[in-house]
Amino acid sequence: GIIAECMKRAEAAMQRHDLERARVHFLEVIRLDRQHESANRVLRDVRKAIQQEQRSSQIVQMRSQAQVALAGGQYEEALACADQALKLDPSDKDSARLSDEIRGAISRARAVREALNRAESALFAGDFDEARDAVEESLRLDPSDSEARALASVVNKELAERSRRQRVQDRSEEHTSELQSHHDL
């Protein structure tokens, strides 16, 4: 009969892993026979499988959004997306790994920012050695940081200028000392 035909179609859809089509055929069987035990039981499994597929798809989408945000330096958004993926499936190792990677990037960015703040303060205070050390620390943490590279350039120019002034001063003192020794003769 019709019920047997619908069951056959539903099972064929299951074989093809076409869960949505299977769900439609099982609903048709249940519409014709509300008490159909097999159709009711399998429909529950189909619905669970559809929900699991949707959840898996959402997790992949959230991880993808997290990776895009991370690549763009939008750490808080990246972390929110990774954490959302973890909420959907706390046992998902890829989401956990991504969340850890983002937390590491946040920590590194914070450390870079602190080192750059120290470098700027030292530069304004005229402590070029401390400024150079802090800039080098920030570049070790993130060699691609454009602000750190620009600040390194400023610090290096200041250090070169200080070195040049010191050489001029040394030569001047040497010259004065020579003149003094000639005068003493």
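Thresholds, definitions, all that
Residues numbered from 1 in each chain as written. Predicted model: local features only at pLDDT ≥ 70, side-chain atom pairs only at ≥ 80, totals over all residues. Heavy atoms only, no water. Helix = DSSP H or I, 4+ residues; strand = E, 2+ residues; numbered from the N terminus. Expected span 1.5 Å × (residues − 1). Buried < 20%, exposed > 50% of the residue type's maximum accessible area, 1.4 Å probe, protein only. Axes fitted to C-alpha atoms, helices over the stretch in contact; angles between N-to-C directions. Parallel < 35°, antiparallel > 145°, perpendicular 65-115°, else oblique. Left-handed = near helix turned anticlockwise from the far one by under 90°. Contact = heavy atoms within 4.5 Å. Nonpolar A, V, L, I, M, F, W, Y, C, P; charged D, E, K, R; others polar. Polar contact = N/O pair within 3.5 Å; in protein donor to acceptor, adjacent residues only side chain to side chain. Patch = residues over 30% accessible without salt bridge, like charges linked within 9 Å, V, L, I, M, F, W, Y side chains within 5 Å. Areas by Shrake-Rupley, 256 points an atom, 1.4 Å probe, with all protein chains shown as cover. Salt bridge = Lys/Arg side-chain N within 4 Å of Asp/Glu carboxyl O. Lys, Arg positive; Asp, Glu negative; His and termini not counted. Charge placed at Lys NZ, Arg CZ, Asp CG, Glu CD. pLDDT = per-residue confidence, 0-100.

Trainee: When you look at helix α5 (residues 93-125) in this model, what are you seeing that I'm missing?
Mentor: Residues that lie three or four places apart on an α-helix share one face, since the helix turns once every 3.6 residues. With 33 residues, α5 ought to run about 48 Å at 1.5 Å a step, and its terminal C-alpha atoms sit 48 Å apart, in line with that. Of the positions making up α5, those classed as buried are S95, L98, S99, I102, A105, I106, V112, A115, L116, A119, A122 and L123.

Trainee: Would you mind going over the packing of helix α2 (residues 19-32) against helix α3 (residues 37-71) with me for this structure?
Mentor: The axes of two packed helices give the description: the angle between them and the distance between them. Packing of α2 against α3 brings their axes to within 9 Å, and their N-to-C directions diverge by 150°. In this view, α2 runs roughly antiparallel relative to α3, as classed from their interaxial angle. Between α2 and α3 lies a crossing of left-handed hand. Counting all contacts with α2, which are made through L19, E20, R23, F26, L27, V29 and I30, the residues of α3 involved are A39, N40, V42, L43, V46, R47, A49, I50 and E53. In the contact of α2 with α3, the residues fall into 11 nonpolar, one polar and four charged.

Trainee: I'm lost on the side chain of S138 in this one. Help?
Mentor: Considering the arrangement of structural elements, one finds S138 in helix α6 (residues 128-141). A distance of 2.7 Å separates a polar atom in the side chain of S138 from the backbone oxygen of V135.

Trainee: Teacher, can you tell me more about α2 here?
Mentor: In a regular helix each residue adds 1.5 Å, so 14 residues correspond to 20 Å; α2 covers 20 Å between its end C-alpha atoms and thus fits that length. Here the buried face of α2 lies against α1 (2-15) and α3.

Trainee: Mind showing me how you'd approach the side chain of S95 here?
Mentor: Within the element layout of this structure, S95 appears in helix α5. If near-sequence neighbours (up to four positions away) are discounted, S95 is found in contact with I59, R63, A82, A85 and L86.

Trainee: Explain a negative patch on the surface here, please?
Mentor: A contiguous patch of negative charge, built from D170, E173, E174 and E178, is present on the exposed surface. Tracing the chain through its elements places E178 in helix α7 (residues 146-184).

Trainee: How should I be thinking about the pattern of salt bridges in this particular structure?
Mentor: Proximity of charged atoms lets side chains of opposite charge pair with each other. This model, assessed by the stated rule, comprises 16 salt bridges. The partner of D92 in a salt bridge is R63, and the shortest N-O contact between them spans 2.5 Å. Note that D92 is positioned in the loop between α4 (75-88) and α5 and R63 in helix α3, a separation of 29 residues in sequence. Accessibility classification places D92 together with R63 in one group, the buried group. Several salt bridges converge on common partners, so that one network encompasses D129, R132, D133 and R162.

Trainee: Would you explain the confidence of the model for the chain in this entry?
Mentor: Predicted coordinates in regions of low pLDDT should not be interpreted in detail. Of the residues in the chain, 98% have a pLDDT of 70 or more, and the chain-wide mean is 91. Across the chain, the secondary-structure element scoring lowest on mean pLDDT is α7, at 84, and the one scoring highest is α4, at 95.

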